[in-house]
Amino acid sequence: MATIPSSRLLRPNLALAQQDTILSFLVPSVQCARFSTSPARWKRDNNKNRGNSAVRATGLRPRQTLSVREKDFSKQQLPKPVKIEQEVTGTPDHGLWDFFKDQKLLQTPVDEQRHGRSWTVGELRSRDWDSLHQLWWVCVKERNRLATEKLERKRLEAGYGDYENQERDKTVQETMKAILDTLAERHQAYQEAYVLAQHDPDIDLSRTDGPQFTQPTYDPLEVDDTSYNAAAEAPIEEPSKDKILPESEVQPKEKATHA
């Protein structure tokens, strides 16, 4: 019997090592898992309300199941849309139309430039409170309309009308600033008048049951003698002889007329 040399024992055979590697995959693993990791199905549904309608509170009819049966799709017809006979239009006087001038989505640059100048403080001083209040909200609506057009141009990438929009917005802002300055002047005048009324003896600011101003009694027949007494007590200066009169007060002598 042939003996195996020691060199063969110390060096493993490549063919045997490859064969052992292949056979190792065929050996079943000791810790093997199930093919499906999902839990086992229940043989019976424990939900008693299965199939009941939450809206109508009705259950299944007799011999009715929840399974989906096969249908003959070849004989089914697709639903046809209903033809709209009348055109759907909104309310012409709806409040949202105020965000669009003349009910147009965008204005041309020529239309945006057609506006006047801003109001001045001198012109607004003669206006009453209701007129200023109305003009203020007209400016607010105009700024909202300009902001809507600005966002719409940005969405559509129109590329025009931005400069005209900014110039019109500046004009509206100047008018609103003039309104605030006018109201500030009136408030300052009221504060100054209130301080003067506190020191006026004819005005009672603490009175709430009637007019705070009391008209002083005046008698037209009553004569104020203070001016006459002051004039009577003043000394009368006599003209002195040494006083030289100015040339303008010296009367020229009349020329003698010859017959």
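Here the structure is shown first, and the text comes after it.
Since this is a predicted model, take the numbers as computed values, not measurements.

1. A short note on the pattern of salt bridges
Any two side chains of opposite charge can pair, so long as their charged atoms come close to each other.
Reasoning step 1: Evaluated as defined, the whole model comprises 14 salt bridges.
Reasoning step 2: Note that Asp 98 is salt-bridged to Lys 141, the shortest N-O span being 3.5 Å. Highlighted residues: Asp 98 in the loop between α2 (14-26) and α3 (109-113) and Lys 141 in helix α5 (residues 129-156), separated in sequence by 43 residues.
Reasoning step 3: For Asp 98, a relative accessible area of 43% puts it in the partly exposed group.
Reasoning step 4: Across the salt bridge formed by Arg 143 and Asp 169, the nearest N and O atoms sit 2.9 Å from each other.

2. Looking at the packing of α5 against helix α6 (residues 162-198)
Reasoning step 1: It is at 10 Å that the axes of α5 and α6 come closest, and there the two elements cross at 155°. The angle between α5 and α6 falls in the class roughly antiparallel. α6 is crossed by α5, and the crossing has left-handed handedness.

3. Side note on the nonpolar core
Reasoning step 1: Formed by Leu 124, Leu 132, Leu 135, Cys 139, Val 140, Val 172, Met 176, Ala 178 and Ile 179, the largest nonpolar core amounts to nine residues.
Reasoning step 2: For this core, the elements supplying multiple residues, two or more each, are α5 and α6.
Reasoning step 3: Dropping the residues within four chain positions of it, Ala 178 is found in contact with Trp 119, Thr 120, Val 121 and Leu 124.

Reading the values: the criteria
Residues numbered from 1 in each chain as written. Predicted model: local features only at pLDDT ≥ 70, side-chain atom pairs only at ≥ 80, totals over all residues. Heavy atoms only, no water. Salt bridge = Lys/Arg side-chain N within 4 Å of Asp/Glu carboxyl O. Helix = DSSP H or I, 4+ residues; strand = E, 2+ residues; numbered from the N terminus. Buried < 20%, exposed > 50% of the residue type's maximum accessible area, 1.4 Å probe, protein only. Axes fitted to C-alpha atoms, helices over the stretch in contact; angles between N-to-C directions. Parallel < 35°, antiparallel > 145°, perpendicular 65-115°, else oblique. Left-handed = near helix turned anticlockwise from the far one by under 90°. Core = buried A, V, L, I, M, F, W, Y, C linked by side-chain atoms within 4.5 Å. Contact = heavy atoms within 4.5 Å.

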